[in-house]
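Architecture and fold: a report
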Amino acid sequence: PEEHFAYVLGYIAMKDGFTPIQQVDAADTTTGGSTSPEPVTQIDEAPGGDATPTVPWTTEELRRFSQSTYVTTEVVSKVMNELSPTPGTWRNISQLSEATGVELSRLQHIWTHLTRHISKAYPNHDWPLESRWGNDIEGAEPGIAYYRVSAERAAEWKLIRGIET
């Protein structure tokens with residue numbers, strides 16, 4: 001059924017060794033817009049027991065991502081443009097589809113492409129936004145994907161993109 005499609009894509013990405021859910025710590029100010037490389041901040045267990053370091057996004061990497069002309073990055077940039085004025089607020093995939101003008105079916109497919117793009121272009125980086133299933137968010141609809149950005153990421157993204165709120 002179509003309502004399970006996003007869940008299946010997330011499962012496939014997980015089986016491929018990718019972790020699309022990024023934990024956002026609002027108290028974390030270590031990246032604070034720095035353009036210099038940051039030290040490894042977390043170790044996640046990859047399939048096979050290998051430890052994969054996860055590095056934070058630098059301002060320059062976010063800028064490069066936001067200016068990329070790949071369809072995947074253009075669509076995700078639209079989503080981040082929509083999420084950034086209200087950091088920390090969960091928005092479901094249908095709301096984001098409507099707000100960005102991106103067809104729901106296209107938006108549902110883009111996340112697998114994002115995982116692949118990031119693994120190639122930005123090794124050891126998580127997604128630049130956070131995602132969770134509604135099952136894990138109080139008051140949200142179960143089985144539906146939700147997305148948000150942290151306050152720090154939103155401020156950096158709005159500066160890079162020239163978004164005023």
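Please refer to the structure placed before this passage.
Treat the numbers as computed from the prediction; the structure is a model and nothing was measured.

Some details on the environment of isoleucine 118
Within the secondary structure, isoleucine 118 is located in helix H5 (residues 104-121). Judged by its relative accessible area of 1%, isoleucine 118 is buried. Spatially, the C-alpha atom of isoleucine 118 lies 9.6 Å from that of threonine 73, the residues being 45 residues apart in sequence. If near-sequence neighbours (up to four positions away) are discounted, isoleucine 118 is found in contact with Trp57, Pro123, His125, Asp126, Trp127 and Pro128.

A few points about the pattern of salt bridges
In the structure shown here, the tally under the stated rule is four salt bridges. With its nearest N and O atoms 2.8 Å apart, the salt bridge here joins arginine 148 to glutamate 130. Separated by 18 residues along the polypeptide, arginine 148 in strand S5 (residues 145-148) and glutamate 130 in strand S4 (residues 130-133) bring together distant segments of the chain. Comparing arginine 148 with glutamate 130 shows no difference in burial state: the two are buried.

Here's the deal with the packing of helix H4 (residues 93-100) against H5
Remark: H4 packs on H5, axes separated minimally by 9 Å, with the N-to-C direction vectors making an angle of 115°. Note that H4 runs across H5; the crossing there is right-handed. Contacts between H4 and H5 involve Ile93, Ser94, Leu96 and Ser97 from the former and Leu104, Leu107, Gln108 and Trp111 from the latter. A per-class count over the contact of H4 with H5 returns five nonpolar, three polar and no charged.

Some remarks on helix H3 (residues 71-83)
With 13 residues, H3 extends 19 Å between its outermost C-alpha atoms, agreeing within 8% with the 18 Å of an ideal straight helix rising 1.5 Å per residue. Within H3, burial applies to Thr72, Thr73, Val75, Val76, Ser77, Val79, Met80 and Leu83. Packing partners of the buried residues in H3 comprise helix H2 (59-67), strand S3 (91-92), H4, H5, S5 and helix H6 (151-161).

Remarks on the packing of aromatic side chains
A ring pair, where both rings are aromatic, is described by two values, the distance of the centres and the angle of the planes. All told, the structure shown has six aromatic pairs when counted by the stated rule. Between the aromatic rings of tryptophan 111 and tyrosine 147, the centroid separation amounts to 4.4 Å while the plane-to-plane angle is 15°, which identifies the pairing as stacked. Of the two residues, tryptophan 111 sits in helix H5 while tyrosine 147 sits in strand S5, which places them 36 residues apart along the sequence. Assigned by exposure class, tryptophan 111 and tyrosine 147 land together as buried. An aromatic cluster of three or more residues is present, and its members are Trp57, Phe65, Tyr122 and Trp157.

Quick word on the sheet that holds S4
Pairing is antiparallel in the open sheet, where three strands are placed in the order S3-S5-S4. The sheet is open, and its two borders are formed by S3 and S4, each paired with just one other strand. Bridge count for S3 against S5 is two bridges, and the pairing is antiparallel. Each residue of the ladder has a partner; that of asparagine 92, found in S5, is tyrosine 146.

Brief notes about the side chain of glutamate 61
In this fold, glutamate 61 is placed in helix H2. The side chain of glutamate 61 is buried and forms no salt bridge, while arginine 64, the nearest opposite charge, is found at 4.8 Å. Among the polar contacts made by the side chain of glutamate 61, one reaches the main-chain amide nitrogen of threonine 58 at a distance of 2.9 Å. Dropping the residues within four chain positions of it, glutamate 61 is found in contact with Pro56, Tyr122 and His125.

Considering the packing of H3 against H6
Across the interface, H3 lies against H6 with an axial gap of 10 Å and an inter-helix angle of 115°. As the angle between them shows, H3 and H6 are arranged roughly perpendicular. By crossing handedness, the relation of H3 to H6 is classed as left-handed. Two secondary-structure elements touch here, H3 through Ser77, Met80 and Asn81 and H6 through Arg153, Trp157 and Arg161. Looking at the contact of H3 with H6 residue by residue, the classes come out as two nonpolar, two polar and two charged.

Conventions adopted
- Residues numbered from 1 in each chain as written.
- Predicted model: local features only at pLDDT ≥ 70, side-chain atom pairs only at ≥ 80, totals over all residues.
- Heavy atoms only, no water.
- Helix = DSSP H or I, 4+ residues; strand = E, 2+ residues; numbered from the N terminus.
- Buried < 20%, exposed > 50% of the residue type's maximum accessible area, 1.4 Å probe, protein only.
- Contact = heavy atoms within 4.5 Å.
- Salt bridge = Lys/Arg side-chain N within 4 Å of Asp/Glu carboxyl O.
- Axes fitted to C-alpha atoms, helices over the stretch in contact; angles between N-to-C directions.
- Left-handed = near helix turned anticlockwise from the far one by under 90°.
- Nonpolar A, V, L, I, M, F, W, Y, C, P; charged D, E, K, R; others polar.
- Expected span 1.5 Å × (residues − 1).
- Phe/Tyr/Trp six-rings, centres within 6.5 Å; stacked < 30°, edge-to-face > 60°.
- Pairing = 2+ DSSP bridges.
- Lys, Arg positive; Asp, Glu negative; His and termini not counted.
- Polar contact = N/O pair within 3.5 Å; in protein donor to acceptor, adjacent residues only side chain to side chain.
- Parallel < 35°, antiparallel > 145°, perpendicular 65-115°, else oblique.

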